[in-house]
Amino acid sequence: MLKDNLLMLRTVNGMSQEDAAGTAGVSRQAYAKWEKGETVPDIEKCAVLARHYGVTIDALMNYDSSLPENPAVPGPAGKHIFGSVTVGEKGQIVIPRDARELFEITPGDRLIVLADEHEGIALMKMDEFEDRISRALETGMKNAE
């Protein structure tokens with residue numbers, strides 16, 4: 001996994017092995033061995049590379065792009081790509097289990113569908129959305145006084 005993630009993240013970021021090696025503070029040959037899986041970087045080098053690529057060390061080390069539900073590269077730290085869903089005939093989708101667990105979505109929860117014609121669709125728990133609207137209105141009222 002690590003070797004594949006190093007290769008994909010370097011490629012997606014338009015870097016050569018020489019560039020990535022410079023970022024990690026090693027020779028191109030040492031970096032090439034990491035991508036081939038012949039050796040592995042120490043944790044400090046992993047931390048440097050993870051920061052540079054904007055991913056967590058865990059994602060750099062453990063993300064498995066060979067799983068059919070995972071895209072080719074790990075998402076940025078704090079961002080998630082949960083895979084794809086299929087829209088049913090009536091517009092229904094099944095939210096992936098990992099997403100439901102992370103956002104504590106349980107049966108019966110109400111979600112609001114938000115959209116931006118240029119950016120896409122997002123889901124948010126209705127109670128969290130209502131809380132944000134209330135806070136925004138309170139702030140607006142205070143600023144108007």
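Each value, and the rule that gives it
Residues numbered from 1 in each chain as written. Predicted model: local features only at pLDDT ≥ 70, side-chain atom pairs only at ≥ 80, totals over all residues. Heavy atoms only, no water. Helix = DSSP H or I, 4+ residues; strand = E, 2+ residues; numbered from the N terminus. Rg over C-alpha atoms; globule rule 2.2 N^0.38 Å. Buried < 20%, exposed > 50% of the residue type's maximum accessible area, 1.4 Å probe, protein only. Contact = heavy atoms within 4.5 Å. Areas by Shrake-Rupley, 256 points an atom, 1.4 Å probe, with all protein chains shown as cover. Axes fitted to C-alpha atoms, helices over the stretch in contact; angles between N-to-C directions. Parallel < 35°, antiparallel > 145°, perpendicular 65-115°, else oblique. Nonpolar A, V, L, I, M, F, W, Y, C, P; charged D, E, K, R; others polar. Core = buried A, V, L, I, M, F, W, Y, C linked by side-chain atoms within 4.5 Å. Pairing = 2+ DSSP bridges. Salt bridge = Lys/Arg side-chain N within 4 Å of Asp/Glu carboxyl O. Patch = residues over 30% accessible without salt bridge, like charges linked within 9 Å, V, L, I, M, F, W, Y side chains within 5 Å. Lys, Arg positive; Asp, Glu negative; His and termini not counted. Charge placed at Lys NZ, Arg CZ, Asp CG, Glu CD.

### Quick notes on the overall build of the protein
Consideration 1: Helix and strand content of the protein: seven helices and two strands.
Consideration 2: Taken from the N to the C terminus, the helices and strands of the protein come in the order α-α-α-α-α-α-β-β-α.
Consideration 3: What you see for the protein is a C-alpha radius of gyration of 21 Å, clearly larger than the 15 Å of a compact globule of 145 residues, by over 25%.
Consideration 4: Taken along its principal axes, the extent of the C-alpha atoms in the protein is 60 × 50 × 25 Å.
Consideration 5: Classification of the 145 residues of the protein by burial places 24% in the buried group.
Consideration 6: Partitioning the intrachain contacts of the protein with sequence separation of at least 6 by distance along the chain shows that 32% fall at a separation of at least 24.
Consideration 7: For the protein, the computed accessible surface area is about 10,400 Å², with 53% contributed by carbon and sulfur atoms.

### Looking at the packing of helix 1 (residues 2-12) against helix 3 (residues 28-36)
Each pair of packed helices gets described by two things: the angle between the helix axes and the distance between those axes.
Consideration 1: Between helix 1 and helix 3, whose axes approach to 6 Å, the crossing angle comes to 120°. Considered as vectors, helix 1 and helix 3 are oriented oblique to each other. Together, Lys3, Leu6, Leu7 and Arg10 of helix 1 and Tyr31, Trp34, Glu35 and Lys36 of helix 3 make up the contact between the two elements.
Consideration 2: Class assignment for the residues of the contact of helix 1 with helix 3 results in four nonpolar, no polar and four charged.

### What about the nonpolar core?
Consideration 1: Formed by 16 residues in total, the largest nonpolar core has its most connected members in Leu6, Tyr31, Trp34, Leu49, Tyr53, Val55 and Leu60.
Consideration 2: Those elements giving two or more residues to this core turn out to be helix 1, helix 2 (17-24), helix 3, helix 4 (43-53) and helix 5 (57-62).
Consideration 3: For this core, the leading source of residues is helix 4, giving four residues.
Consideration 4: Leu60 has contacts with Leu2, Asn5, Leu6, Leu9, Cys46, Leu49, Ala50 and Val55, leaving out every residue within four places of it along the chain.

### Some details on the pairing of strand 2 (residues 120-125)
Consideration 1: Inspection of the sheet shows strand 1 (residues 111-116) paired to strand 2 by six bridges, in the antiparallel sense. For Val113, the partnering residue across the bridge sits in strand 2 and is Leu123.
Consideration 2: A loop of three residues connects strand 1 with strand 2, the two strands running antiparallel in sequence.

### Points about the pattern of salt bridges
Consideration 1: Here the structure, examined in full by the defined rule, presents five salt bridges.
Consideration 2: Put simply, Asp109 and Lys125 hold a salt bridge, and the shortest N to O gap is 3.6 Å. Of the two residues, Asp109 sits in the loop between helix 6 (97-102) and strand 1 while Lys125 sits in strand 2, which places them 16 residues apart along the sequence.
Consideration 3: With relative accessibility at 32%, the residue Asp109 sits in the partly exposed group.
Consideration 4: Since its relative accessible area comes to 16%, Lys125 is described here as buried.
Consideration 5: What you see here is one network of salt bridges that share partners, running through Arg97, Asp98 and Glu101.

### Considering a negative patch on the surface
Consideration 1: Judged by side-chain charge, Glu104, Asp127, Glu128, Glu130 and Asp131 come together as a negatively charged surface patch.
Consideration 2: When you line up the elements, Asp131 lands in helix 7 (residues 126-144).
Consideration 3: Asp131 sits in the partly exposed class, given a relative accessible area of 44%.

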